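One letter stands for each residue in the lines below.
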Amino acid sequence: MHLLTVIGARPQIIKAAALNRAIRNGYVDRITEHILHTGQHYDTDMSQVFFDELGIPQPEYNLGVGSGLHGEQTAKMISGIEEVLMSRPFDGIILYGDTNSTLAGAVAASKLHVPIFHIEAGLRSYNRNMPEEINRIVCDQLSTLLFAPTQTAVDNLREEGFFAEHDTLHRKVVNCGDVMYDNSIHFASVAAQRCDIMNRLSLQPEGYILATIHRDNNTDDPQRLEQILSALVSIARKDNIPVVLPLHPRTRNKLTAQHLRLLDNEPLVMILEPFSYLEMTLMEQNAKLVMTDSGGVQKEAFFFERPCIIMRSETEWVEIVQHKAGIITDADYQRIVDAYAQLTHCHVSFPPLFGDGHAAEKIIQTILHENSYR
Ligand code: UD1
Ligand code: UDP
């Protein structure tokens, strides 16, 4: 089979590593993977570093689309992906998650009748103000194989009629587990061996908080961003604990003079460039607690049994909240500070909810099996 894998944003490059590794380890005789990078993320520390560290081959195609308004960016991607899909026969396209790169891949492939295999299907925030919610709904609708990472994701798709008895579209939903969990298991010890980030930052295990912020409604609203930064400053001061904040470029670009004043006055809040994946993995494993609005970081905190403050108004990863390993606080100063007090004083459990670490293998076997009936 010839499969086209579309990646573009940081988490997609990371997720793609799991499938690429599994193909290289056992299926090269049956699957040729062609990687296409849309260029949605392009800074070295948002893109190339992950190819180097996770051992992913350089993309065969790079559209170099870059940043832009949603329509402009997505349109360029659709056009570029379409051209590649028309350049040779493909047996399927692999799409990850819910970014504009995902949406573009789904639109281009569906018009050319190329089967779509969506990894991380079925997630819903039920908040259509999120661009990601729109992207994932459209991609799921157009997909042939929907690889759901959790039971909740399967249930969401059932609610939307994907299991209807007479689904003439022959779509198939598979609960395969989470490819990010595959990666976290695979790279946890590698990170411990290879990374000296904690020494470089003079941090002790459980002696710091790890935070990330990049969600558009948090970065593009100065007041929400101020509430979050004020909460970080307040927690750092009160507990005399460093808060490590590797900053997404989107967030760095949105810092106002007022935000910078807040941060300049508190050296315990450490503003850094984005971490590499191995650095991030090590930092997550050793953090006292994680504070984030990232989907992926919420999950990795859970994988490494770290409590997590979710600085959004809802989450797709509802299991984390249901098991009380995470608390939703929105961008609300008081709710963030209260959640910190609560999570640092109660016992939290982390049952296995995201598969068995072999999601990639299950995905490949399903693709091969389904292809044999085509
Ligand atoms: C995108 C995804 C989001 C995902 C996130 C992962 C969409 C709609 N959003 O959000 O779902 O959680 O990636 O990180 O697809 N920038 C740089 N250098 C880069 C990349 C971005 O400076 O290498 C800056 C640019 O100013 C750009 C801004 O970040 O305008 C936003 O980038 P974009 O890819 O549009 O969205 P993200 O916020 O990264
Ligand atoms: N990540 C990273 N360096 C960082 C921040 C995040 O390598 O400085 C990794 C993180 O470990 C996870 C992924 O990026 O695997 C999550 O991506 P992001 O938070 O950008 O997007 P989301 O998951 O919200 O779509």
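Relevant structure appears above.
Since we're looking at a predicted model, the values are computed, not measured.

Cut-offs and rules
- Residues numbered from 1 in each chain as written.
- Chains lettered and ligands numbered in written order.
- Predicted model: local features only at pLDDT ≥ 70, side-chain atom pairs only at ≥ 80, totals over all residues.
- Heavy atoms only, no water.
- Helix = DSSP H or I, 4+ residues; strand = E, 2+ residues; numbered from the N terminus.
- Expected span 1.5 Å × (residues − 1).
- Buried < 20%, exposed > 50% of the residue type's maximum accessible area, 1.4 Å probe, protein only.
- Axes fitted to C-alpha atoms, helices over the stretch in contact; angles between N-to-C directions.
- Parallel < 35°, antiparallel > 145°, perpendicular 65-115°, else oblique.
- Left-handed = near helix turned anticlockwise from the far one by under 90°.
- Contact = heavy atoms within 4.5 Å.
- Near = heavy atom within 4 Å.
- Polar contact = N/O pair within 3.5 Å; in protein donor to acceptor, adjacent residues only side chain to side chain.
- Pairing = 2+ DSSP bridges.
- Phe/Tyr/Trp six-rings, centres within 6.5 Å; stacked < 30°, edge-to-face > 60°.
- Lys NZ or Arg CZ within 6 Å of the ring centre and 35° of its normal.

Novice: I'm lost on helix α1 (residues 10-26) in this one. Help?
Specialist: Two residues of an α-helix separated by three or four positions point the same way, owing to the 3.6 residues in each turn. An ideal rise of 1.5 Å per residue puts 24 Å on 17 residues; α1 measures up with 26 Å between its terminal C-alpha atoms. Taking burial as the measure, the 17 residues of α1 include twelve buried ones, the bulk of the element. Taken together, the buried positions of α1 are occupied by Gln 12, Ile 13, Ile 14, Lys 15, Ala 16, Ala 17, Ala 18, Leu 19, Asn 20, Arg 21, Ala 22 and Ile 23.

Novice: Would you take a moment to explain the packing of helix α3 (residues 70-87) against helix α4 (residues 100-111) for this structure?
Specialist: Helices that pack against each other are described as a pair by the angle of their axes relative to one another and the distance between those axes. Two elements in contact, α3 and α4, have axes whose closest approach is 8 Å; the angle formed by their N-to-C orientations is 45°. When the interaxial angle is binned, α3 and α4 end up oblique. When you trace α3 past α4, the crossing you get is right-handed. Contact residues: α3 offers His 70, Gln 73, Thr 74, Met 77, Ile 78, Ile 81, Glu 82 and Leu 85, while α4 offers Asn 100, Ser 101, Leu 103, Ala 104, Gly 105, Val 107, Ala 108 and Ala 109.

Novice: What should I look at first to understand unusual backbone geometry in this one?
Specialist: Trans peptide bonds make up the majority, and among non-glycine residues the majority have a negative phi. Phi is positive for Lys 324, close to 65°, though the residue is something other than glycine. For Lys 324, the position within the fold is in the loop between α15 (318-322) and β13 (326-328). When its relative accessible area of 60% is taken as the criterion, Lys 324 is described as exposed. The phi dihedral of Asp 330 falls on the positive side, at around 55°, and the residue is not glycine. Mapped onto the elements of the fold, Asp 330 is located in the loop between β13 and α16 (333-343). By relative accessible area, Asp 330 is classed as buried at 18%.

Novice: What am I meant to see in the site of ligand 1 here?
Specialist: Taken together, 20 residues lie around ligand 1, and Gln 40, His 41, Asn 100, Glu 132 and Arg 250 are the ones closest in. One nitrogen or oxygen atom from the side chain of His 41 is found 2.7 Å from an oxygen atom belonging to ligand 1. Here Arg 250 contributes a side-chain N or O atom positioned 2.8 Å from an oxygen atom of ligand 1. Looking at the shell around ligand 1, the element that brings in the most residues is helix α11 (residues 249-254), giving three residues.

Novice: What is the right way to read the sheet that holds strand β5 (residues 116-119) from this model?
Specialist: Across a sheet, paired strands are connected by hydrogen bonds in the backbone, their directions being either parallel or antiparallel. Pairing in this open sheet of seven strands is parallel, and the strands run β3-β2-β1-β4-β5-β6-β7 from one edge to the other. For this open sheet the edge positions go to β3 (61-62) and β7 (172-175), each flanked by a neighbour on one side alone. Pairing of strand β1 (residues 2-7) with strand β2 (residues 32-37), which is carried by six bridges, proceeds in the parallel orientation. In the strand pairing of β2, Thr 5 is matched with Ile 35.

Novice: Just to check I follow, could you spell out the packing of aromatic side chains for this structure?
Specialist: Given two aromatic rings, their pairing is described by the distance between the two centres and the angle made by the two planes. On inspection of all chains with the given rule, the structure shows six aromatic pairs. With a centroid separation of 5.9 Å and 55° between ring planes, the pair formed by Trp 317 and Phe 354 is classed as tilted. Of this pair, Trp 317 sits in the loop between β12 (308-310) and α15 while Phe 354 sits in the loop between α16 and α17 (359-371); the two residues are 37 residues apart in sequence, bridging distant segments of the chain. Considered together, Trp 317 and Phe 354 belong to a single accessibility category, that of buried residues. By way of ring pairs, the aromatic residues Tyr 181, Phe 302, Phe 303, Trp 317, Phe 350 and Phe 354 are connected into one cluster. In this structure, Arg 88 packs its charged tip against the face of Phe 90, placed 5.5 Å from the ring centre.

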